[in-house]
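Chain residues, written in single-letter form:
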Number of protein chains: 2
Amino acid sequence: MTDIPTIVTVLDRAGYRLTEPRRKVAGLISRRDGHFSAADLVDDARERRLDVGRATIFRALELFTELNAVERVDLPNGDHAYVECEPVHHHHVICSQCARTTEVEACGMPAVARDVGRRTGFKIQSHRLELFGICPECQAANSRHG
Amino acid sequence: MTDIPTIVTVLDRAGYRLTEPRRKVAGLISRRDGHFSAADLVDDARERRLDVGRATIFRALELFTELNAVERVDLPNGDHAYVECEPVHHHHVICSQCARTTEVEACGMPAVARDVGRRTGFKIQSHRLELFGICPECQAANSRHG
DNA sequence: CGCTTGACGATACTCAGTCTCATTTGCTAG
DNA sequence: CTAGCAAATGAGACTGAGTATCGTCAAGCG
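The rules behind each value
Residues numbered from 1 in each chain as written. Chains lettered and ligands numbered in written order. Predicted model: local features only at pLDDT ≥ 70, side-chain atom pairs only at ≥ 80, totals over all residues. Heavy atoms only, no water. Helix = DSSP H or I, 4+ residues; strand = E, 2+ residues; numbered from the N terminus. Buried < 20%, exposed > 50% of the residue type's maximum accessible area, 1.4 Å probe, protein only. Areas by Shrake-Rupley, 256 points an atom, 1.4 Å probe, with all protein chains shown as cover. Lys, Arg positive; Asp, Glu negative; His and termini not counted. Charge placed at Lys NZ, Arg CZ, Asp CG, Glu CD. Contact = heavy atoms within 4.5 Å. Buried area = accessible area lost by both parts, 1.4 Å probe. Salt bridge = Lys/Arg side-chain N within 4 Å of Asp/Glu carboxyl O. Polar contact = N/O pair within 3.5 Å; in protein donor to acceptor, adjacent residues only side chain to side chain. Nonpolar A, V, L, I, M, F, W, Y, C, P; charged D, E, K, R; others polar. Disulfide = S-S within 2.5 Å.

Q: Just checking my understanding: could you explain the overall build of chain A for this structure?
A: Within chain A one finds six helices and five strands. Taken from the N to the C terminus, the helices and strands of chain A come in the order α-α-α-α-β-β-β-β-α-β-α. Taken along the three principal axes of its C-alpha coordinates, chain A extends 50 × 50 × 25 Å. Within chain A, the fraction of its 146 residues that count as buried is 44%. By element, 48% of the accessible surface of chain A is carried by carbon and sulfur atoms, the whole surface being about 8000 Å². Charge separation in chain A, taken as the distance between the mean sites of 20 positive and 21 negative side-chain charges, equals 3 Å.

Below, the structure written as structure tokens:
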């Protein structure tokens, strides 16, 4: 839901070339709402006859991920997916019905991490937190004709 | 680190056949210390000439996961791995140096989930939390000759 | 405008995980 | 103890994600 300029700007600022294929991939991502896989983008590209190579899409995703314009998440079923996001530490709430995602800072986490560190003796370096549930829109839709 | 009987008992109680291949896979898992992948078990089996088919190992892992004798985790690099564990809700702390894992109940999580639910309007159903860090043993080893 | 180098696309490849199907084996009933 | 059946196995084909290679192309600089 961020617009293309965001990703493009990040690319530019990091000193990478603003190539046509990269703009196209950025465009495809910005049209997306929830999480998506590399395969989704490949399909999108083919559908819209964008003529972007498969490898290029993977490379773009890898680059965007590195630049924090996009983030990899792991779905409950184990599949990999990506979500567009702001380049600050945060977590995602993922709707298991429509795949829409929201970012939250989850400010309670540092306390949890600290607590776990104290109890286990581990020096906690990082964590991965993903929350799954039903978004407000789907809840409303469900109660209307559920 | 749990012993073979644990997994075998769980199998039995759930009404599944106690076959030789399943015992072997359970044995391989119990010999493992940290997280492991299906490929690791395949290698172990070949090394020890256990004669267990690849498909069987995948099937056994799937079954054990379903019975909560084992859990799937996602490593920071996106790889899939499994850890043996107790069948109650909990989370894993994973040593990024030696792969050893510890279980914690992470009792602060419900509060975080509730808070996130309130702020985003999502009805939170489940979450995935994995913590990565350095375990006490590795910390000690590092400071000795680091 | 022309050069240099990073990026591209086609394609071959690898590897995890799944599926199929003929064979085997755990279990149970007799 | 044995027979028989369904569940499970193993070999190997298959799929699909992701990676590597390499000749060609074009972004961006001077």
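Q: What is the right way to look at the interface of chain A and chain B in this model?
A: By a widespread convention, an interface's size corresponds to the accessible area lost as its parts come together. Every contact between the two is made by 40 residues of chain A and, on the other side, 40 residues of chain B. Taking both partners together, chain A and chain B bury about 3200 Å²; carbon and sulfur atoms supply 62% of that area. Contact with chain B buries surface across chain A, with Phe 122, Arg 128 and Phe 132 of chain A losing the most and accounting together for 21% of the total. Inspection of the region where chain A meets chain B yields four salt bridges. Across the pair Arg 119 of chain A and Glu 105 of chain B runs a salt bridge, and its minimum N-O distance is 3.4 Å. In this assembly, chain A and chain B are joined by 20 residue pairs in polar contact (both at pLDDT 80 or more). The dominant element in the side of chain A that touches chain B, judged by the number of residues it contributes, is strand β5 (residues 123-134) of chain A, at twelve residues. Here the side of chain A that touches chain B is composed, by residue class, of 20 nonpolar, twelve polar and eight charged.

Q: Can you walk me through the state of the cysteines in this structure?
A: All names here are of chain A. All told, the structure shown has zero disulfides over all chains when counted by the stated rule. Cysteine Cys 98 shares no disulfide, and the gap to the nearest cysteine sulfur, in Cys 95, comes to 3.7 Å. Overall, Cys 98 belongs to the partly exposed group, its relative accessible area being 31%.

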